[in-house]
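A closer look at the structure
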Amino acid sequence: MLIATGGLWTASVLAEFIAHLGAHQAPPTAPQLRHLLWVSGQIMAASAVPPGWRVFAFPAVRSTPLRWWSRILLIASLLVLGLLVVFLDTLDH
């Protein structure tokens with residue numbers, strides 16, 4: 001997943017750079033390059049969502065006033081949803 005995300009980010013940066021060259025017939029200035037990198041960084045942030053669920057969801061479920069079997073069901077549901085996201089992301093590539 002890390003290789004796929006890095007490849008998507010690299011392709012995004014390269015595409016933005018080439019589009020800027022085509023539109024302005026000049027390389028981006030330093031502020032424009034920083035903006036280009038920031039916008040392309042959203043791909044990296046989006047890839048962190050499935051692992052982030054584990055970090056935030058499990059402690060949140062533990063602190064709920066649900067019965068123990070409800071907590072287990074909720075954690076299992078979150079796990080299945082996370083695996084579904086990873087599976088669909090893998091199918092997309």
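Please read all numbers here as calculations on a predicted model, not as lab measurements. (Residues numbered from 1 in each chain as written. Predicted model: local features only at pLDDT ≥ 70, side-chain atom pairs only at ≥ 80, totals over all residues. Heavy atoms only, no water.)

**Quick word on unusual backbone geometry**
- At glutamine 25, a residue that is not glycine, the phi angle is positive and equals roughly 50 degrees.
- Position of glutamine 25 relative to the elements: it lies in the loop between α1 (2-24) and α2 (30-40).
- Accessibility expressed as a relative area gives 63% for glutamine 25, which makes it exposed. (Helix = DSSP H or I, 4+ residues; strand = E, 2+ residues; numbered from the N terminus. Buried < 20%, exposed > 50% of the residue type's maximum accessible area, 1.4 Å probe, protein only.)

**With respect to the confidence of the model for the protein chain**
- In the predicted model, the protein chain carries a mean pLDDT of 81, and 89% of its residues have values of at least 70.
- Looking over the protein chain, one finds the lowest element-wise mean pLDDT in helix α4 (residues 49-62), namely 72, and the highest in α2, namely 89. (pLDDT = per-residue confidence, 0-100.)

**Re a nonpolar patch on the surface**
- Side chains of Leu81, Leu84, Phe87, Leu88 and Leu91 sit close together on the surface and give an oily, nonpolar patch of about 500 Å² of accessible area.
- In this fold, phenylalanine 87 is placed in helix α5 (residues 68-92). (Patch = residues over 30% accessible without salt bridge, like charges linked within 9 Å, V, L, I, M, F, W, Y side chains within 5 Å. Areas by Shrake-Rupley, 256 points an atom, 1.4 Å probe, with all protein chains shown as cover. Salt bridge = Lys/Arg side-chain N within 4 Å of Asp/Glu carboxyl O.)

**A look at the side chain of serine 12**
- One can find serine 12 in helix α1.
- A relative accessible area of 19% places serine 12 in the buried class.
- The residues touching serine 12, leaving out its near neighbours within four places in the chain, are Ser40 and Ile43. (Contact = heavy atoms within 4.5 Å.)

**Points about the packing of α1 against α2**
- Axis separation between α1 and α2 bottoms out at 9 Å; the angle between their running directions is 145 degrees. For the pair α1 and α2, the crossing hand works out as right-handed. Residues Trp9, Ser12, Val13, Glu16, Phe17 and His20 of α1 touch α2, and the partners they reach there are Gln32, Leu36, Leu37 and Ser40.
- Taken together, the residues of the contact of α1 with α2 sort by class into five nonpolar, four polar and one charged. (Axes fitted to C-alpha atoms, helices over the stretch in contact; angles between N-to-C directions. Left-handed = near helix turned anticlockwise from the far one by under 90°. Nonpolar A, V, L, I, M, F, W, Y, C, P; charged D, E, K, R; others polar.)

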